[in-house]
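Structure assessment
Single-letter residue listing:
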Amino acid sequence: MFNTTRFPTKIYFALVALGFTLNFPGRANSDSLVMFDHGRHPDWLIDWHSPTTSLIWSLFDPWLSQPASGLLVQCLLLLPLPAYFLGSAFSKKNTINTQQHYKWLHLICAIIFASLCIYISGYVYKDVILIAAIFLAAGSEAQRESTEDTKATALTILALSLAYAIRPTNIFLFTFVALTFFLRTRPGLNKGAAKTAFLAVLAVSIPYQLSSFANNTILKPQKSGVEGSLIIFDVAGISHAKNTNEFLTLKDWPISLPNKPGICYSAKWWDTFSPWGKCPQYFEEMKLRLTQKEERKKVIWWWMKTIIQNPVAYIEHRLNFAKNLLYFKGNKNSYFTIDNLRSNLEILQPDRVDTYIEWKPSLRFEAIHNIWRFFTKGELGQPYMWLIFSALGAAATYRINPHQSYFRSLAFICFSIGAANIAMLTFLGVADLPRYSVTSFFCSFAGLLFMLQSKQQQQSGSIRAST
């Protein structure tokens, strides 16, 4: 997976074995259960969830069943970066002439990071596979630091393609990261700046086009009207802020719906308008339009026009959502729901309950769960803290000097992804569930480790000038 001359293969497989054993059979939510069904029956694929992820999770399904198959896939994809950091912490090359406290800090942080990654790998969720894709790309670039290996570049592109496939709105996340990285190079009006801008565009567009080609052209999932969740949430929020019904401005929108949008609206999420909510008629009507090519274009343009014409109401709606997103008021031990419990399976998948492995709490799970509890108790477990940490880390690594380590740039990218993820969710999110923000927590932690690795390289004299 990585260059074998530097990548600690033994540590990697030990982490994979540990992660699979401690988390077996894996923990899944209702969305994941649906995706498992789609992975087993490719003709059921829809674009509401990533078709690519459904199939990747199902690679070992014939032998392990679900969610154990998805668990093994996530361990294989998520744990290379923790193994890399652990290997770096023990590497003589990175510890020669390094101050003793940096050695210990790097080692302790690497062990904690690996422990948290083992814990999170047990949740077979789209959000975790997103973290895995980002980590795989970051780890590939870390390997390329000394080898300039073209295989590592190809793996980076494929990993980012998977990240785009998981959630199409990630194009805004990575566009923001590419823009900040470009500005970090202090561009001027010269050929070098033009080349950097061109490469930044390619870095965003190539993985996006690959994921779009795989999901839409090769797999061809059925249209589900998934865009309707964001459109309905925003228009309902604007309607609530203005005490109007902005849906009536859409041509041929029925005036006979039983509830006005202000009655159904919640600043926490769009679920009240969903097929399982108290006002499902809104999504049913929107889905009819969004699954037709020409109507879809009209609806999207109407949504954008409504936002442009009502900027104050839109900002008020998004700020109210951000308050819920950034400050979680629920039980921090329930960031991730577990729906492959026997009782939940009988409700969610009554005709396939025996085809999935049910989750049973155990002492081995409690051992790793306590590590997560320690880091998420109190204010440390709030998404706004992860945003602050990501922003501070990005600011600390923003400055470039001729003697900086390449790892400092990787740290900046990880911190930027953490901040951009929450920024993207603030304006494009439709639910305040904290699991969406967990990506920021893990990316900022990875950024911290890259910073420590950069400091060690500077002290040991193994420096590579950044471009």
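One structure accompanies this document, and this report is about it.

Cut-off values and rules
Residues numbered from 1 in each chain as written. Predicted model: local features only at pLDDT ≥ 70, side-chain atom pairs only at ≥ 80, totals over all residues. Heavy atoms only, no water. Helix = DSSP H or I, 4+ residues; strand = E, 2+ residues; numbered from the N terminus. Rg over C-alpha atoms; globule rule 2.2 N^0.38 Å. Buried < 20%, exposed > 50% of the residue type's maximum accessible area, 1.4 Å probe, protein only. Contact = heavy atoms within 4.5 Å. Lys, Arg positive; Asp, Glu negative; His and termini not counted. Charge placed at Lys NZ, Arg CZ, Asp CG, Glu CD. Disulfide = S-S within 2.5 Å. Patch = residues over 30% accessible without salt bridge, like charges linked within 9 Å, V, L, I, M, F, W, Y side chains within 5 Å. Areas by Shrake-Rupley, 256 points an atom, 1.4 Å probe, with all protein chains shown as cover. Salt bridge = Lys/Arg side-chain N within 4 Å of Asp/Glu carboxyl O. Phe/Tyr/Trp six-rings, centres within 6.5 Å; stacked < 30°, edge-to-face > 60°. Axes fitted to C-alpha atoms, helices over the stretch in contact; angles between N-to-C directions. Left-handed = near helix turned anticlockwise from the far one by under 90°. Nonpolar A, V, L, I, M, F, W, Y, C, P; charged D, E, K, R; others polar. Core = buried A, V, L, I, M, F, W, Y, C linked by side-chain atoms within 4.5 Å.

Another point: the overall build of the protein chain. Per the secondary structure count, the protein chain includes 22 helices and two strands. Taken over the C-alpha trace, the protein chain has a radius of gyration of 23 Å; the compact-globule value for 467 residues is 23 Å, and the two agree within 12%. Its C-alpha atoms give the protein chain principal-axis dimensions of roughly 75 × 60 × 45 Å. Looking at the protein chain residue by residue over its 467 residues, the buried ones come to 54%. Considering only residue pairs separated by 6 or more positions, the protein chain has 77% of its internal contacts joining residues 24 or more positions apart. Distance between charge centres in the protein chain, computed from 44 positive and 28 negative side chains, equals 11 Å.

Moving on, we get to the state of the cysteines. Counted according to the given criterion, the structure contains one disulfide. Between the sulfur atoms of C264 and its disulfide mate C279 the distance is 1.9 Å. Judged by the sign of its S-S torsion, about -80 degrees, the cystine formed by C264 and C279 is left-handed. With a gap of 15 residues between them, C264 in helix α14 (residues 261–264) and C279 in the loop between α14 and α15 (281–290) connect regions that are remote in the sequence. C279 matches C264 in its accessibility class, with the two residues each being buried. There is no disulfide at C75, and the cysteine sulfur nearest it, in C117, is 11 Å away. Free cysteine C443: the closest other cysteine sulfur is in C414, separated by 5.9 Å.

A separate point is a nonpolar patch on the surface. A cluster of nonpolar side chains, contributed by L179, L183 and Y398, occupies part of the molecular surface with about 260 Å² of accessible area. Note on placement: L183 falls in helix α11 (residues 170–184). Taking relative accessible area as the criterion, L183 reaches 41% and is therefore assigned partly exposed.

Below, the discussion takes up the packing of aromatic side chains. Under the defined criterion, the tally for this structure stands at 45 aromatic pairs. Residues Y119 and W372 carry aromatic rings whose centres are separated by 5.6 Å and whose planes lie at 20 degrees to one another, so their mutual orientation is stacked. Taken as a pair, Y119 in helix α8 (residues 100–121) and W372 in helix α19 (residues 363–376) lie far apart in primary sequence, 253 residues in all. A relative accessible area of 1% places Y119 in the buried class.

Moving on, we come to the packing of helix α13 (residues 227–242) against helix α16 (residues 293–309). Put simply, α13 and α16 touch, their axes get as near as 10 Å, and they point 30 degrees apart. For the crossing formed where α13 meets α16, the hand is left-handed. Residues E227, L230, I231, D234, V235 and I238 of α13 pack against R296, V299, I300, W302, W303, T306 and I307 of α16. Partitioned by chemical class, the residues of the contact of α13 with α16 number nine nonpolar, one polar and three charged.

We now examine the nonpolar core. Within the largest apolar cluster, 129 residues are counted, with the highest numbers of intra-cluster contacts made by F135, F442 and F450. At 12 residues, the largest contribution of residues to this core is made by helix α9 (residues 126–147). Each residue touching F450, except ones within four places of it in the same chain, is listed here: L81, F85, A138, A142, F407, L410, A411 and C414.

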